[in-house]
Amino acid sequence: MIRLIGYFFGVGVTLALVAAAGVAIYLTSLAKDLPDYEVLARYEPPVTTRVHAADGSLMGEFARERRLYLPIQAVPDRVKAAFLSAEDKNFYSHPGIDLTGLARAVVTNLQNFGSGRRPVGASTITQQVAKNFLLSSDQTIDRKVREMLLSFRIEQAYSKDRILELYLNEIFFGLGAYGIAGAALTYFDKSVNELTVAEAAYLAALPKGPSNYHPFRQTERAIERRNWVIDQMVANGYVEADEAAKQKALPLGVNPRRSGTYLFAGEYFTEEVRRAIISRYGEDALYEGGLSVRTTLDPAMQVKARKALQHGLIKYDTLRGYRGPVTSIDVSGDWGVPLGEVERLSDVPEWRLAVVLESGKEGLKIGLQPGREVSGALKAERETATVAAADMSWALRHTVEGRRVKADSPAEVLKPGDVIFVEKNEGEGAGWTLRQVPEISGGMVAMDPHTGRVLAMVGGFSYSQSEFNRATQAMRQPGSSFKPIVYAAALDNGYTPASVVLDAPISIRVGNQVWEPKNYGGGAAGPSTLRAGIERSRNLMTVRLANDMGMNLVAEYAERFGVYDKMLPVLAMSLGSGETTVMRMVSAYAIMANGGKHIVPSLIDRIQDRYGKTVFKHDQRGCEGCNATEWQGQAEPELIDNAEQVLDPMTAYQITSMMEGVVQRGTAVTLAELGRPIAGKTGTTNEEKDAWFVGYTPDLVVGLYMGYDKPTPMGKGSTGGGLAAPIFKEFMAEVLEDVRPVDFRVPEGMRMIPVDRKTGMQAQAGAPGAIVEAFKPGTGPADSYWVIGMDEIQAAERARELSPQASDAIMQGGGGLY
């Protein structure tokens, strides 16, 4: 018997050794090809790039995986407790594998064998890190064993806190959110520190299967799973029973954070920044690099720019009548459902979609588009309102089959079922006004002339309607707003504001054709000073001046100012016939506003990488004394501007002074009502296809244009002074309301001499028709009456009409044939 027992014992030992050897060989074979777990030390997950305005307001987030990396030290204990209770309560005590949990999973799987149920796992947090980072999700024994082996090694190489940090930042939570910080923002629009016990428990429930516990589609299951996690937190001693009961009684409270742009009115700006980052660093850096981007945007100024441009576009559009409803729907049943499917303008919250329920002589009865619940479902309540006939009187002129007709009643314009835009009138109990999206559009830019920082930018009426940015992408003819470049080139090369140019018909042969430019509105004023030419926007004078100094010189200055990369040196270009953008024009005017220094327009102040290191900074000015460790009576440090001087500061002041005249007496005289120093120039292209105004104060440059996307005549009288300047005026009135007026800075050495407004010759101060002009040292009013573009006899005859002394000076001094 003893021998038999010994025999079986020997066989058993042999089999055990064979089995052990087999297991060892199996484990050795799996261990050979294990991934390098040291990659965890170099872990850099895809992280969300965040874009902020100048005041720190969040403008937008860009990510393929919406994740914000959070160190374990920044994760509150209650959040850690929720995940440990839900996933791995023995995490801080096991060596990587929880043998108790593993045994429990084996028993459960044996009981469920043949039932078709998915096998129950027993993965610890360490095992999940191994699987998520280093292995696939295959449901095989080999993968599970490799996962265990890796878990032992990971536990030996890293601290428990580091492993938990990797886990909490990597896992997927659903709704596009990765990592605990991203999930807190996505589900509750909160930081991790703000999460309640119930919210933390719900997030801890999600890694098992986000779709199984969807907050809106699987609400009951989600609450059940959340409450289970809370119970586990009680069992593990993290939460008191009374507190747990209160938390379990709460609804889920999910408040999804919207993606994309967050700052009101900042859509065009945010998109332009997005393109700039991709151009500079590539798509992966934007969507995975975790960059922190601080832009130049002034949110308050942006709202005012949007408002001013929209008002101008709406005003022009409503004067052209109503073009008809957005669409039509059936209102015989519940009109809220089909109306809710019509896409609204998400970035024009002042307007709402509505459907006409009744129409008559007194106006309209309308049903307003229902709002949506947090889940996205339409709200059940239906809201009705009225549009009085007076609030849609502009629409009585409406388009029918391509013809504009006059209606006698709102019922002739709109019928039940028509979907329209409306805006709430001001005042309690007030009705609504009929609106329509303007066909005409435009772009607008506001810039700091000293740094090139773009403070506000509007690319059109609505980003929802059109993502095309007309401030940076639309190539338009600047028309007469280009003339200051021509005049600045002249002033920088020997001409003065008092130089006289003939304003009279001119014929120029171009090949076999003859070009005969004309002044806007026709007519000619005869010999006039450069100041008069720019104040009255005289085309004929500008062409003669450009011809006199040569178009190659004009092209050089246009390229130097950044209006064009390469300008064709032909005379027609002197009248702004080339195409450029609002951004380029504003940048050019900034040079004249800042005293002639080159600027680089920028929408971005600074970019930092995921570690906080600055990788880009727009402001390149030096400041040697800014980093002093202590004050020892030294002078206040000064910023050193190393920008290239592309225009004589005195020339910059001369052209600024002349453009002040445009506002005080010329084509933009409406702006004089602002009561502060402003220089600027209107622009109107052929057939009134574009209307421009670009202007500035000493510290702010603003430019804009209005026009159809497909250049089309806007109608007689649609000028820069009539359309664009009022938009500029509305914007500046609001932006500068609390800003003290500042005079333009006069360069040292400038000579201020009174001259005759017509002849440009020296006059007595205070004499009728006299104006003080700025002259550079060594220059001054002409001693003789000299007219560019007029021969001696014509000059003498003209001078005799103006002044016998001027006539004598011409005949003695020799006149001017140009």
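Not measured: the values here are computed from a predicted model.

### Section: the overall build of the chain
Piece 1. Looking only at helices and strands, the chain has 23 helices and 28 strands in total.
Piece 2. When the 818 residues of the chain are sorted by exposure, 50% land in the buried category.
Piece 3. A fraction of 69% describes how many contacts in the chain between residues 6 or more apart in sequence connect residues 24 or more apart.
Piece 4. Just so you have it, the chain exposes about 38600 Å², and 51% of that area is on carbon and sulfur atoms.

### So, the nonpolar core
Piece 1. With 136 residues, the main nonpolar core has Leu700 and Phe731 as its most contacted residues.
Piece 2. Tallying contributions element by element places helix α19 (residues 582–593) first for this core, with ten residues.
Piece 3. Those residues within four positions of Phe731 in sequence are excluded, and the remaining contacts are Met301, Lys304, Ala305, Ala308, Met444, Ala446, Leu700 and Val702.
Piece 4. The next biggest cluster of nonpolar side chains, apart from the first, holds 53 residues, and it includes Leu84, Leu150, Leu185 and Tyr187.

### Describing the sheet that holds strand β23 (residues 679–684)
Piece 1. An order of β16-β15-β25-β24-β23 is seen for the five strands of this open sheet, with the pairing classed as antiparallel. Single-partner strands in this sheet number two, and they are β16 (454–458) and β23. For this sheet, the mean inter-axis angle between neighbouring strands, taken without regard to orientation, is 5°.
Piece 2. With six bridges joining them, β23 and strand β24 (residues 691–697) adopt antiparallel strand pairing. Across the sheet, residue Gly680 finds its bridge partner in β24, namely Gly695.

### Regarding the sheet that holds strand β20 (residues 526–529)
Piece 1. On the basis of which strands lie adjacent, the open sheet formed by three strands has the order β20-β17-β28 and mixed pairing. The sheet is open, and its two edges are formed by β20 and β28 (787–788), each paired on a single side.
Piece 2. Bridge count for strand β17 (residues 500–503) against β28 is two bridges, and the pairing is parallel. Bridge pairing in β28 places Val501 opposite Ile788.
Piece 3. Sitting on the sheet, helix α17 (residues 539–549) touches β17, β20 and β28, and the angle it makes with β17 is about 125°.

### Considerations on empty space enclosed by the protein
Piece 1. Going through the model one piece at a time under the given rule, you end up with two cavities of 30 Å³ or more.
Piece 2. In this structure, the largest cavity encloses a volume near 70 Å³.
Piece 3. Sorting elements by how many residues they give to the lining of the largest cavity places helix α13 (residues 299–318) first, with three residues.
Piece 4. Class assignment for the residues of the lining of the largest cavity results in four nonpolar, four polar and three charged.
Piece 5. Forming the walls of the second largest cavity are Thr48, Glu61, Arg66, Arg67, Leu68, Gly182, Leu185, Thr186 and Arg257.

### Regarding the packing of helix α15 (residues 483–491) against helix α18 (residues 551–560)
Piece 1. Axis separation between α15 and α18 bottoms out at 9 Å; the angle between their running directions is 115°. By the angle between their axes, α15 is roughly perpendicular relative to α18. In this structure, α15 meets α18 at a crossing whose hand is right-handed. Contacts between α15 and α18 pair Ile485, Val486 and Ala489 from the former with Leu553, Val554, Tyr557 and Ala558 from the latter.
Piece 2. Residues that form the contact of α15 with α18 fall into these classes: seven nonpolar, no polar and no charged.

### So, the environment of Pro747
Piece 1. In this fold, Pro747 is placed in the loop between α21 (720–735) and β26 (751–756).
Piece 2. Take Pro747: its relative accessible area is 18%, and that puts it in the buried class.
Piece 3. Residues Pro747 and Lys776, 29 residues apart in the sequence, show an inter-C-alpha distance of 9.6 Å.
Piece 4. Among residues more than four places away in sequence, those in contact with Pro747 are Pro649, Met650 and Tyr653.

### Here we look at the environment of Ala498
Piece 1. Within the secondary structure layout, Ala498 lies in the loop between α15 and β17.
Piece 2. Considering only alpha carbons, one finds Ala498 and Leu530, 32 residues apart in sequence, at a separation of 6.1 Å.
Piece 3. Those residues in contact with Ala498 that lie beyond four places of it in its chain are Thr529, Thr759, Gly760 and Phe775.

### Quick look at helix α8 (residues 197–205)
Piece 1. Burial analysis of α8 places nine of its nine residues in the buried class, which makes it a mostly covered element.
Piece 2. All buried positions along α8 are accounted for by Val197, Ala198, Glu199, Ala200, Ala201, Tyr202, Leu203, Ala204 and Ala205.
Piece 3. Residues of α8 that are buried make contact with α2 (77–87), β3 (172–174), α7 (179–188), α9 (219–235) and α10 (241–248).

### As for the pattern of salt bridges
Piece 1. Tallied over the full model, the rule gives 38 salt bridges.
Piece 2. A salt bridge links Asp77 to Lys80; the shortest N-O distance between them is 3.9 Å. With Asp77 and Lys80 both in helix α2, this residue pair falls three residues apart, about one helical turn.
Piece 3. Of the residues examined, Lys80 reaches a relative accessible area of 17% and is grouped as buried.
Piece 4. A single salt-bridge network, built from bridges that share partners, covers Arg50, Glu61, Asp189 and Arg257.

### A look at the packing of α7 against α8
Describing two packed helices takes the angle between their axes plus the distance from one axis to the other.
Piece 1. Where α7 meets α8, the axes come as close as 11 Å, and the angle between the chain directions of the two elements is 115°. As far as their axial angle goes, α8 and α7 are roughly perpendicular. The way α7 lies across α8 gives a crossing that is right-handed. Contacts from Ile180, Ala183, Ala184, Tyr187 and Phe188 of α7 reach α8 at Glu199, Tyr202 and Leu203.

Parameters at a glance
- Residues numbered from 1 in each chain as written.
- Predicted model: local features only at pLDDT ≥ 70, side-chain atom pairs only at ≥ 80, totals over all residues.
- Heavy atoms only, no water.
- Helix = DSSP H or I, 4+ residues; strand = E, 2+ residues; numbered from the N terminus.
- Buried < 20%, exposed > 50% of the residue type's maximum accessible area, 1.4 Å probe, protein only.
- Contact = heavy atoms within 4.5 Å.
- Areas by Shrake-Rupley, 256 points an atom, 1.4 Å probe, with all protein chains shown as cover.
- Core = buried A, V, L, I, M, F, W, Y, C linked by side-chain atoms within 4.5 Å.
- Pairing = 2+ DSSP bridges.
- Axes fitted to C-alpha atoms, helices over the stretch in contact; angles between N-to-C directions.
- 1 Å grid on protein atoms, 1.4 Å probe; cavity = no way out; pocket = protein on both sides within 12 Å on 5 of 7 lines; lining within 4 Å.
- Points joined across faces, edges and corners; volume = space filled by probe spheres on them.
- Nonpolar A, V, L, I, M, F, W, Y, C, P; charged D, E, K, R; others polar.
- Parallel < 35°, antiparallel > 145°, perpendicular 65-115°, else oblique.
- Left-handed = near helix turned anticlockwise from the far one by under 90°.
- Salt bridge = Lys/Arg side-chain N within 4 Å of Asp/Glu carboxyl O.

Distances and angles like these do not, on their own, reveal function.
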